[in-house]
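Given next are the chains, with one letter for each unit.
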4 protein chains.
Amino acid sequence: MKKGVMRPGHIQLRVLDIEEALKHYRDLIGLIEVHRDAQGRVYLKGWTEVDKFSVVLREADQPGMDFVSYKCVSEAVVDQLRDELAAFGCNVEDIPADELDGCGRRVRFDSPTGHMFEIFATKEQTGKWGVSAVNPEAWPRELTGMKATRFDHCLLYGDDLEGSLKLFCDVLGFDIAEQVLDENGERIAQFLTASLKAHDVAFIKHPEKGKFHHASFYLNTWEEVLRAADLISMTDTSLDIGPTRHGLTHGQTIYFFDPSGNRSEVFCGGDYHYPDHPPVTWTADHLGKAIFYHTRELNERFLTALT
Amino acid sequence: MKKGVMRPGHIQLRVLDIEEALKHYRDLIGLIEVHRDAQGRVYLKGWTEVDKFSVVLREADQPGMDFVSYKCVSEAVVDQLRDELAAFGCNVEDIPADELDGCGRRVRFDSPTGHMFEIFATKEQTGKWGVSAVNPEAWPRELTGMKATRFDHCLLYGDDLEGSLKLFCDVLGFDIAEQVLDENGERIAQFLTASLKAHDVAFIKHPEKGKFHHASFYLNTWEEVLRAADLISMTDTSLDIGPTRHGLTHGQTIYFFDPSGNRSEVFCGGDYHYPDHPPVTWTADHLGKAIFYHTRELNERFLTALT
Amino acid sequence: MKKGVMRPGHIQLRVLDIEEALKHYRDLIGLIEVHRDAQGRVYLKGWTEVDKFSVVLREADQPGMDFVSYKCVSEAVVDQLRDELAAFGCNVEDIPADELDGCGRRVRFDSPTGHMFEIFATKEQTGKWGVSAVNPEAWPRELTGMKATRFDHCLLYGDDLEGSLKLFCDVLGFDIAEQVLDENGERIAQFLTASLKAHDVAFIKHPEKGKFHHASFYLNTWEEVLRAADLISMTDTSLDIGPTRHGLTHGQTIYFFDPSGNRSEVFCGGDYHYPDHPPVTWTADHLGKAIFYHTRELNERFLTALT
Amino acid sequence: MKKGVMRPGHIQLRVLDIEEALKHYRDLIGLIEVHRDAQGRVYLKGWTEVDKFSVVLREADQPGMDFVSYKCVSEAVVDQLRDELAAFGCNVEDIPADELDGCGRRVRFDSPTGHMFEIFATKEQTGKWGVSAVNPEAWPRELTGMKATRFDHCLLYGDDLEGSLKLFCDVLGFDIAEQVLDENGERIAQFLTASLKAHDVAFIKHPEKGKFHHASFYLNTWEEVLRAADLISMTDTSLDIGPTRHGLTHGQTIYFFDPSGNRSEVFCGGDYHYPDHPPVTWTADHLGKAIFYHTRELNERFLTALT
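By the naming in an unreviewed UniProt entry, chain A is Metapyrocatechase, taken from Neptunomonas japonica JAMM 1380. Under the Cofactor (unreviewed entry) heading, UniProt states for chain A: "Fe(2+)". Turning to chain A, the UniProt annotation filed under Catalytic activity (unreviewed entry) states: "catechol + O2 = (2Z,4E)-2-hydroxy-6-oxohexa-2,4-dienoate + H(+)".

What follows is the structure, encoded as C-alpha cells:
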C-alpha cells in the first residue's frame, strides 16, 4: 500500500440472465446476496468481507466485466490519485455516490489495456457476514456451496502490458509480484499487488483490448478446492481445469464457467509478496508450467475463452 | 474374506531399466527398497506393510505386469483354493518357496482375461518400516517422495470380464463392490474386493487379453495427493491425469507413468464395502464421470496407454 | 471376518431427554434421523451406511449403553454362533424380529465384562442416504453438523478383559489389533476388529463391570475434525479432549459429551489390520502416549467419566 | 504499511545452549541455518523468506528475547521514524551496520512495556531457500521437521499496553487488528499489524515489564500443524497446548517449548486485516475462548510460563 490503494473493492460483471447467474455466484460459489438495486443489479459478497458488497451482477446482452474498483484509505487519496490518473493520460470520470447503493463516489478511468477501473474510499460497512463483531465464531454455520470467503482478484487480457504496469505501479502504487518474460525479455504476464497477496490484479498479453479472463474468489484450504470441484460436477457446471496448482503464485485452484460464459476461479494458498521482494519470474519456455504447474501445458481454452 | 484370501500380497512388474525404475518407485513414490535377489530383481514395500515386500521389479525388454499375488490366511486355504482353481479350469502352476526370497510357495494360475495371478500364505514378516513394533510412532521421519503407505490394488484390461468375475468371486471369495454396466446391462468394468477396501483388483473390458493398466499405491490424505502432483512436476515425470476424484469408489487420485511406460496411481480416500452391500453401479452413459468425476470425460490415454 | 461377523450394526444408547439428545446426535454430529418407533425410540444412521439405522436412542433415567449389536453375513451364521455363545457360557436371549423396526431377529448375550451384546443378520437396506444407488455423487449436499459418515465402534470399560477377549476372538472370530500390556504382561486395553478397521470394539480394564466409555463416529479428514471441534465450541458442547491423535491406532480424534453425559467421539484416519498381523502393543509406562499421542498424559476424565 | 514499516525482520533469542537450541529451531521447527557469526550467534530463516535471516540465537545465562526488529521500505523511512521515536520519548540507540552480519544499520529503541525493538531497512537478500528465483518449484524437497515457512510474529507480556499501542500505531503506523477488552473497556490484549496479517506483534497485559511469551512461525496447513504435533511427541519436546484453534485471529496452532524454556508456536490460517477494518473485539468474560477456542479455558501455563 504505497500510495493508499488497499485492495479490490468490487467488480461489476455482465450476465445474460440474473437468476441463472445467482445460481452460480450465490448458490454454487457461496457468495452472500446482500442487495438488489433499482436497476435490477444484484450485490453479493464473500462472508469474510467487512464492506457491504464486492460483486455486482448486471443483466446484459454480452457477458464480461464492466469494471473493477479498488478501495483507498481515504477520500484525500482518491483526490490525489484522480489528479495523477488524469496527468498519466487516463480519461477520468466521476461517478457520484450511490450510483451503487451503499458506495460513495468513485473515480472511473480507462487504461492502456482497454479495461475500465475505478478507485473509491467510502462504502457502507456491514461487517463479516454471519459472525458477531464481538467474540466472533470461527465461521458461520449457514454458508452454502463453495463457501467462498472473498472476491480476491481478476485476471484481464489486453495488449499494452507495459502501459498497464506503469499505470498500476507508478500511479497507483502497486508492486509487480510475479511476471512471465518471453525470450526477448518482454513481459507477457504480470501479477500486481497492493498488499501482501500474490496478486490484486493480473494481466496477460493478448492482441485484443479489454478482455476479461476470470474473477477469482478465495477459499481457505485445498480440501475446500476438492469440494468445490465436487460441487461443479454435482451441478453439471462447465469445468475449465482443476483441481490443480499454478506455477505462478503456487496457489491451488479450479476454473469453471458461469452460465453466461464468464470464467470463475476459486483457489487457496499462494505465495506472499512484500515491497522489497524482487518479482518472481517465469520464462515463456516454461509458460505451461507457470500457469498449470501439474500438467505443464496450457489448454487452448485458457488462451481463447474470454468475455 | 469369504474364502480365506486376505489382500494383494505382491505384484511383479517388468521395467526396461532397473535403476531408472527405482528412481520412480523408490525415490518418487517413496516405496522402501528392501532387497535385491540373485536374478537382479528388486523388492520394495510401502512403509505400513508388515510383510517383507509387496512390489517386485524385474528388468525386461517389455514393460507390463508378470503377475499379481494374493495372500491367504493359511497354507490349508492355498491347498483348498488350488483344487478349486484347477476345477474351475485354470492352468495351475506350483512355484516353490524362495523363488521370491522370503516368500513361501505360491500357486500361480491363468485367468479368462489372460492375466497371471497367484495365491500364497507365507511370507517373511519384517514389520512396518521405520516404526517400532512396541509403542510405535505415528509415522517414520525418514520417508521420501510421495511416502506411499502400501501397494493397494491393480487395474487390468481384458476381454472376458464375466469369466474373471466368476473366478474371483466364486472361486476366491471376492465381492463385486462397484461396476459399470452398458446399455444392455453388460458389465464393462468391475471392481472386486476381498475386504473392506473398494477394490483389491479391478478389470475394464478391452478387446485384447492380458493388458496392464496401473498399479496403485495408497496415500493418507488429499494434501498428500497434492504433494505427489507437485513431485511429479518437480521430477519431470510424465503425468496422465490428476489431481482429481474418481466417480467409481470416489477416491482422490493422480495417474502418472514410470520410465518404462507402466502407469502408476497414488490415491487416498475411497468408499468401503461390506459383503452385504449391493454393488455400486455406474451406467456407461456416465462412464466419463465414473472414471474422472470432475472432468466427466475420459482422456484417450486412459483407454489406450496399456502395458 | 473369520466366522461371519461383519461389523457393528447398531448401538442403543440411553439418554435423559430425547429432543436434547437429537440436538447432539442429529444436529451436531450430523447423523440422519430415519425413524421413531412406537416406544418413542429414535433411529439414526451415518449417511454412508447402507442399512436402515445404526444408532437407537432410548429415553431413560440413567445414561449409558443398553447394547451394541454386530451384523453377520447370514442367518445361518447367527444360528451357529448362538450355539457357540451358549456353549461359551453366555446367557443367550432371542429378540424377535421387529423389536427394532426394520431389523430381523437378534440374539442377545451377556459377557464377562458385564456388557450386553447382540448378533443379527437381517436389516432393511435403504441405501446410502442422500446419494443415488446408480451413478452416486461423492457426497450429499444436505448434510449438517459434523457430517459423521457412520457409527464406527464403541469403547467399553470392564473387569474381565481376558474373558472378553476369548468371547470376541474365539467365539465371534474377531482379531486383536492393538493392546496395552502392563509391566506383568497383563492386558489392560484391547482393541478388537472383525475386519480391516483398527477396532470394531475396544475394552479398557476397570474394576466395575458394564461401563460405557464412548460411541465413535467416523469422519473423512483431519480438517473435518477441526470443524467438529469448532462446532463443539459454537454450540457450547462439553468438550473432553481434542483435536488430537491417539497413539493406539494413530487415529485423529476429538471427544465430547452428549447432554446426558454419554461421551461421543468423532475421528478420522487410523491404522488397518489384517488377520496375519501381530497385534500392535503399547506398554503401560507409555499409557498416556498410547491414548493421547500429543499430550502424552491421560486426563482424569478419560478414566472416570463413564456411563 | 501506513508509515513504511513492512514486517518483522528478525528476532534475537537467548538460549542456554546453542547446539541444543539448534535441535529445536533447525531440526524440529525446520528453520534453515544460514550463518554463524564471530560472536557465536547462529542465524536462521524460514524457507520462504527472501532476506538472509530472520532468527538469531545467542547463548546466554537466561532465556528470553533480546529484541525484535522490523524492516522498513527505505533508509529514509528509518531516518524519519528515528526522529519520531525520539520525539515519542523512546531511548534510541544506533546499531552500526554488520553488528549482525549481512544486516545494515539498525535503530534500537525501548518501549512502554519494557521490550527492546528495532527498525532497519537494509539486509542481504539471498532469496527463498531451496527454490530457484526463476521458474521456482512449489517447495524445496530438502526441508526437515515442521518445515516452518517464516518467522511470523511474537507475543510479548508487559504492563503499559496503552503506551505500547501509541508507539506502534501512532509512530510506526501499525493498526490494531484484534483486542480483548475487560469489563471496564480497558484493553488487556492487543494484536497489531503492519500489513494484511492478523498480527505482526501482539501484547498481553501483565504486571511485569519486558516478558517474552512466544515466537511464532508460519505453516501452510492444518495437516502440517498435525505433523508438527506428531514431531513434538516423537522428539519428546515439551508441549504447551494444541493442536487447537485460537478465537483471536482464528488461527490453528500448537505451542511448545525450546530446551531453554522459550515458548514456540507454529500455526496456520488466521484472519486478515485491512486498515479500514474496525478491530475485532473479544470481551474478557470470553478470554478463555478468545485464546483457546476449543477448550474455552486458559491453562495456567499460558499466563505464567514466560522468559
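There's more to say after this.
Enquirer: Any chance you could explain the overall build of chain A here in plain terms?
Expert: When its secondary structure is counted, chain A shows 6 helices and 17 strands. Taking 19 Å as the expected radius of gyration for a compact globule of 307 residues, we find that chain A reaches 18 Å, a close match to that expectation. Reported as C-alpha extents along the three principal axes, the dimensions of chain A are approximately 50 × 45 × 45 Å. By residue count, 66% of the 307 residues in chain A fall in the buried class. As presented, chain A carries roughly 9800 Å² of accessible surface, and 49% of it is formed by carbon and sulfur atoms. Mean positive and mean negative side-chain charge positions of chain A (33 and 49 charges, respectively) differ by 2 Å.

Enquirer: What exactly am I supposed to notice about the relation of the copies chain A and chain D here?
Expert: Each of the two chain copies can be brought onto the other by rotation about an axis and movement along it. Least-squares fitting of chain A to chain D yields an RMSD of 0.0 Å, with the superposition described by an axial translation of 0.0 Å and a rotation of 180 degrees. Interpreted geometrically, this transformation is the action of a two-fold axis. Interface overlap between copies is the fraction of interface residues in one copy that are interface residues in the other; for chain A against chain D it reaches 100%, indicating a shared surface.

Enquirer: Would you take a moment to explain the interface of chain C and chain D for this structure?
Expert: Where the parts come together, the accessible area they lose is often given as the size of the interface. Taken residue by residue, the interface counts 20 residues in chain C and 20 residues in chain D. Summed over both sides, the interface of chain C with chain D buries roughly 1800 Å², with 51% coming from carbon and sulfur. Of all residues in chain C, Trp222, His294 and Arg296 of chain C give up the largest surface area on contact with chain D, accounting jointly for 34% of the area buried on that side. Here chain C and chain D share 4 salt bridges between them. Taken together, the connections running from chain C to chain D amount to 11 residue pairs in polar contact (both at pLDDT 80 or more). Mapped by element, the contributors of at least two residues to the side of chain C that touches chain D are α4 (222-234) and β14 (239-245) of chain C. At 8 residues, the largest contribution of residues to the side of chain C that touches chain D is made by α4 of chain C.

Enquirer: Looking at this structure, how should I read the interface of chain A and chain D?
Expert: Counting from both sides, the interface comprises 39 residues of chain A and, opposite them, 39 residues of chain D. Summed over both sides, the interface between chain A and chain D buries roughly 3300 Å², with carbon and sulfur atoms accounting for 53% of that surface. Looking at the side of chain A facing chain D, the largest losses of area belong to Asn135, Tyr272 and Tyr274 of chain A, adding up to 18% of the total buried there. Of the charged contacts in the structure, one is a salt bridge between Asp276 of chain D and Lys71 of chain A, with a shortest N-O distance of 2.7 Å. Remark: the boundary between chain A and chain D carries 24 residue pairs in polar contact (both at pLDDT 80 or more). Secondary structure elements with two or more residues in the side of chain A that touches chain D: β1 (5-15) and β17 (280-283) of chain A. Considering each element in turn, the side of chain A that touches chain D owes the most residues, 4 residues, to β17 of chain A.

Enquirer: Please explain the side chain of His24 of chain C as it appears in this structure.
Expert: Residues and elements named next belong to chain C. If you trace the backbone, His24 turns up in helix α1 (residues 18-28). Under the relative-accessibility criterion, His24 is labelled buried at 3%. Contact partners of His24, with chain neighbours within four places excluded, come to Ile29, Thr237, Phe256, Phe257, Asp258, Pro259 and Ser264.

Enquirer: So what exactly am I meant to see when it comes to the environment of Ala87 of chain D here?
Expert: With respect to the helices and strands, the residue Ala87 of chain D is situated in helix α2 (residues 75-88). Separated by 84 residues in sequence, Ala87 of chain D and Val171 of chain D have C-alpha atoms that sit 9.5 Å apart.

Enquirer: Looking at this structure, how should I read the packing of α4 of chain C against helix α4 (residues 222-234) of chain D?
Expert: Helix packing for two helices is described by the angle between their axes and how far apart those axes are. Close contact between α4 of chain C and α4 of chain D brings their axes to 9 Å; oriented N to C, the two are set at 95 degrees. One finds that α4 of chain C runs roughly perpendicular with respect to α4 of chain D. Of the residues in α4 of chain D, those in contact with Trp222, Glu223 and Leu226 of chain C of α4 of chain C are Trp222, Glu223 and Leu226 of chain D. Its residues assigned to classes, the contact of α4 of chain C with α4 of chain D comprises 4 nonpolar, no polar and 2 charged.

Enquirer: Looking at this model, I keep getting lost on the relation of the copies chain C and chain D. Mind explaining?
Expert: With an RMSD of 0.0 Å, the operation that places chain C on chain D is a rotation of 180 degrees combined with a shift of 0.0 Å along the axis. The residues that chain C uses at the interface reappear at the interface of chain D in 100% of cases, marking a shared surface.

Enquirer: What am I meant to see in the UniProt feature "domain: VOC" (unreviewed entry) in chain A here?
Expert: The residues that UniProt annotates with the feature "domain: VOC" (unreviewed entry) are residues 7-122 and 150-269 of chain A. The straight-line gap between the two end C-alpha atoms of residues 7-122 of chain A is 13 Å; of that span, 22% is helix and 38% is strand.

Enquirer: Sorry if this is basic, but what is going on with the state of the cysteines here?
Expert: By definition, a disulfide links two cysteine residues through a covalent bond between their sulfur atoms. A complete count under the given rule lists 0 disulfides over all chains for this structure. For Cys268 of chain A, which is in no disulfide, the shortest distance to another cysteine sulfur is to Cys268 of chain D and amounts to 11 Å. Here Cys72 of chain D stays free of any disulfide, with the sulfur of Cys103 of chain D as its closest cysteine sulfur at 11 Å.

Enquirer: Would you mind showing me how to read unusual backbone geometry here?
Expert: A negative phi angle is the norm for most residues apart from glycine, just as the trans form is the norm for most peptide bonds. The omega angle of the peptide bond from Gly242 of chain C to Pro243 of chain C is 0 degrees, so this bond is cis rather than trans. Along the chain, Pro243 of chain C falls in strand β14. With phi around 50 degrees, Asn135 of chain A is a residue other than glycine that occupies positive phi space. With respect to the helices and strands, Asn135 of chain A occurs in the loop between β8 (117-120) and β9 (150-158). The class of Asn135 of chain A is buried, set by a relative accessible area of 15%. Even without a glycine there, the phi angle at Asp236 of chain D is positive, about 50 degrees.

Enquirer: Any chance you could explain the sheet that holds strand β16 (residues 263-268) of chain C here in plain terms?
Expert: Where strands meet in a sheet, backbone hydrogen bonds hold them as pairs that are either parallel or antiparallel. Residue and element names in this part refer to chain C. Across the sheet, 9 strands lie side by side as β14-β15-β16-β13-β9-β12-β11-β10-β17; this open sheet has mixed pairing. Since the sheet does not close on itself, it has two edges, and those belong to β14 and β17 (280-283), each with one partner. Strand after strand, the sheet turns through a mean of 15 degrees between neighbouring axes, direction not considered. Bridge count for strand β13 (residues 211-218) against β16 is 4 bridges, and the pairing is parallel.

Enquirer: What's the story with helix α1 (residues 18-28) of chain D in this structure? I'm lost.
Expert: Residues spaced three or four apart along an α-helix face the same direction, because each turn holds 3.6 residues. Residue and element names in this part refer to chain D. Within α1, burial applies to Ile18, Ala21, Leu22, His24, Tyr25 and Leu28. Two or three places before Glu19, at the start of α1, stands the capping residue Asp17, its side-chain oxygen 3.0 Å from that residue's backbone nitrogen. Remark: Gly30 follows α1 within two positions and exhibits a positive phi of approximately 90 degrees.

Enquirer: How should the pattern of salt bridges be read in this particular structure?
Expert: Should the charged atoms of two oppositely charged side chains come close, the side chains can pair. For the structure on display, the rule yields 136 salt bridges over all chains. When the shortest N-O distance is used, the salt bridge between Glu162 of chain A and Arg187 of chain A registers 3.2 Å. Pair noted here: Glu162 of chain A is in helix α3 (residues 161-171) and Arg187 of chain A is in strand β11 (residues 187-193), with a separation of 25 residues, a long-range link. By relative accessible area, which is 40% here, Glu162 of chain A ends up partly exposed. Residue Arg187 of chain A is classed as buried on the basis of its relative accessible area of 18%. Note that Glu99 of chain B and Arg106 of chain B form a salt bridge whose closest N and O atoms lie 2.7 Å from each other.

Enquirer: How should I be thinking about the packing of aromatic side chains in this particular structure?
Expert: In this description, an aromatic ring pair is defined by two values, namely the gap between the centres and the angle between the planes. All names here are of chain C. Under the defined criterion, the tally for this structure stands at 62 aromatic pairs over all chains. Consider the rings of Phe117 and Phe168, whose centres lie 4.9 Å apart with planes at 80 degrees: the pair is edge-to-face. Of this pair, Phe117 sits in strand β8 (residues 117-120) while Phe168 is found in helix α3 (residues 161-171), placing the two residues 51 residues apart along the sequence. Residue Phe168 is classed as buried on the basis of its relative accessible area of 0%. Pairing Phe292 with Phe302 gives two aromatic rings, centres 5.2 Å apart and planes at 80 degrees, and the pair type is edge-to-face. Highlighted residues: Phe292 in the loop between α5 (287-291) and α6 (300-304) and Phe302 in helix α6, separated in sequence by 10 residues. Here Phe292 and Phe302 have matching classes, each one buried.

Calculation criteria
Residues numbered from 1 in each chain as written. Chains lettered and ligands numbered in written order. Predicted model: local features only at pLDDT ≥ 70, side-chain atom pairs only at ≥ 80, totals over all residues. Heavy atoms only, no water. UniProt positions renumbered as here; feature names shortened; annotations may be inferred. Helix = DSSP H or I, 4+ residues; strand = E, 2+ residues; numbered from the N terminus. Rg over C-alpha atoms; globule rule 2.2 N^0.38 Å. Buried < 20%, exposed > 50% of the residue type's maximum accessible area, 1.4 Å probe, protein only. Areas by Shrake-Rupley, 256 points an atom, 1.4 Å probe, with all protein chains shown as cover. Lys, Arg positive; Asp, Glu negative; His and termini not counted. Charge placed at Lys NZ, Arg CZ, Asp CG, Glu CD. Least-squares fit on C-alpha atoms with pLDDT ≥ 70 in both. Contact = heavy atoms within 4.5 Å. Buried area = accessible area lost by both parts, 1.4 Å probe. Salt bridge = Lys/Arg side-chain N within 4 Å of Asp/Glu carboxyl O. Polar contact = N/O pair within 3.5 Å; in protein donor to acceptor, adjacent residues only side chain to side chain. Axes fitted to C-alpha atoms, helices over the stretch in contact; angles between N-to-C directions. Parallel < 35°, antiparallel > 145°, perpendicular 65-115°, else oblique. Nonpolar A, V, L, I, M, F, W, Y, C, P; charged D, E, K, R; others polar. Disulfide = S-S within 2.5 Å. Pairing = 2+ DSSP bridges. Phe/Tyr/Trp six-rings, centres within 6.5 Å; stacked < 30°, edge-to-face > 60°.

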